[in-house]
Amino acid sequence: MKNIVVIGAGTMGNGIAHTFAQSGFSVNLVDVSQEALDKGLKTITTNLDRIIAKGNLTEEQKAETLGNIKTFTQLKDAVTNADLVVEAATENQDLKLKIFAQMDEFAPENCILSTNTSSISITKIAAATKRADKVIGMHFMNPVPIMKLVEIIKGYSTSKETFDSIYEMSKTLGKVPVEVNDYPGFVANRILMPMINESIETLYNGVAGVEEIDTVMKLGMAHPMGPLQLADFIGLDVCLAILNVMYDGFKNPKYAPNPLLVNMVMAGKLGVKSGEGFYDYSESRKAEKVAKMFAK
């Protein structure tokens, strides 16, 4: 496998494209608008410069990495010679099913179709195609170029050949692949999201403030980032979508999103990407100032 297509130039998509390109793969990066593609390439360039500043990459390697990436606004044109497609579009089930039906129509017969979904059923996504044996989950962690973990999720019909191929390929990216079965939330989010939701519940019930909750988890549990700051970093809309998938999948009230989270998403307070969540990011992308709503 040498020809990789990444669908979506957002945070996860550009990170995945960066990682494959830096590992020597030819990457076609696809998005609906050239503006989104240009923004994604700008992010990749900035991240490569950071790696150079740390002495872990040369200017020549940066040029090679960027040279390995081509951009497309039409999926059909991008997947003509694809060996692997990695879908990293918005965490929306209907959108993903539509994209997979299109990929199945346009991609070569032997092409593996993968999704970076953090919670949606691989089996359901595969059902939108005529090659369920070649559909698999590759759940990268953010920021993709730095984080080592990749959850490799098998759908009901994913073949051993497909799984083995993607498992070994992940190692060539310098990642640590972990085999996971297809249940809502997989492993990472099945454990992480209830913790974030409970942190929001703790704030909602007035047990402690934003900084206090995050400080307890950082200093008491050795977490590098508090759960409320992490929720802001992930995006509160993404957290809500994942919790809803798990609640719908398990019908267990422990996965029901807290009303505060629901209201914040409806109000457009999504975290870092909107400039405000539990913290105020109007002056800095670091969680240095609690949002006005939660300030004492």
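The structure under discussion appears in the preceding block.
Predicted model only: the values in this text are computed from it and were never measured. (Residues numbered from 1 in each chain as written. Predicted model: local features only at pLDDT ≥ 70, side-chain atom pairs only at ≥ 80, totals over all residues. Heavy atoms only, no water.)

(A) Structural view of the overall build of the protein. Within the protein, the secondary structure is distributed over 12 helices and eight strands. Its C-alpha radius of gyration of 19 Å places the protein within 12% of the 19 Å reference for a compact globule of 296 residues. Seen through its C-alpha atoms, the protein measures out along the principal axes to roughly 55 × 45 × 35 Å. Sorting the 296 residues of the protein into buried and exposed places 45% on the buried side. Accessible area for the protein stands at about 14600 Å²; split by element, carbon and sulfur atoms hold 52% of it. Seen as two clouds, the 30 positive and the 34 negative side-chain charges of the protein have centres 1 Å apart. (Helix = DSSP H or I, 4+ residues; strand = E, 2+ residues; numbered from the N terminus. Rg over C-alpha atoms; globule rule 2.2 N^0.38 Å. Buried < 20%, exposed > 50% of the residue type's maximum accessible area, 1.4 Å probe, protein only. Areas by Shrake-Rupley, 256 points an atom, 1.4 Å probe, with all protein chains shown as cover. Lys, Arg positive; Asp, Glu negative; His and termini not counted. Charge placed at Lys NZ, Arg CZ, Asp CG, Glu CD.)

(B) Region of interest: the packing of aromatic side chains. Applying the stated criterion across every chain, the model contains five aromatic pairs. Ring centres 6.5 Å apart and planes at 70 degrees place the aromatic pair Phe 20 and Phe 140 in the edge-to-face group. Here the residue Phe 20 occupies a position in helix H1 (residues 11-22), and Phe 140 occupies one in strand S6 (residues 135-140), the gap between them amounting to 120 residues. Assessed through its relative accessible area of 0%, Phe 20 is described here as buried. Consider the rings of Phe 278 and Phe 294, whose centres lie 5.5 Å apart with planes at 35 degrees: the pair is tilted. One end of the pair, Phe 278, is in the segment after helix H12 (259-266); the other, Phe 294, is in the segment after H12, and 16 residues separate them in sequence. The pair Phe 278 / Phe 294 is uniform in exposure class, with both members buried. For Lys 154, the ring lying beneath its charged end belongs to Phe 163, and the centroid distance is 5.6 Å. (Phe/Tyr/Trp six-rings, centres within 6.5 Å; stacked < 30°, edge-to-face > 60°. Lys NZ or Arg CZ within 6 Å of the ring centre and 35° of its normal.)

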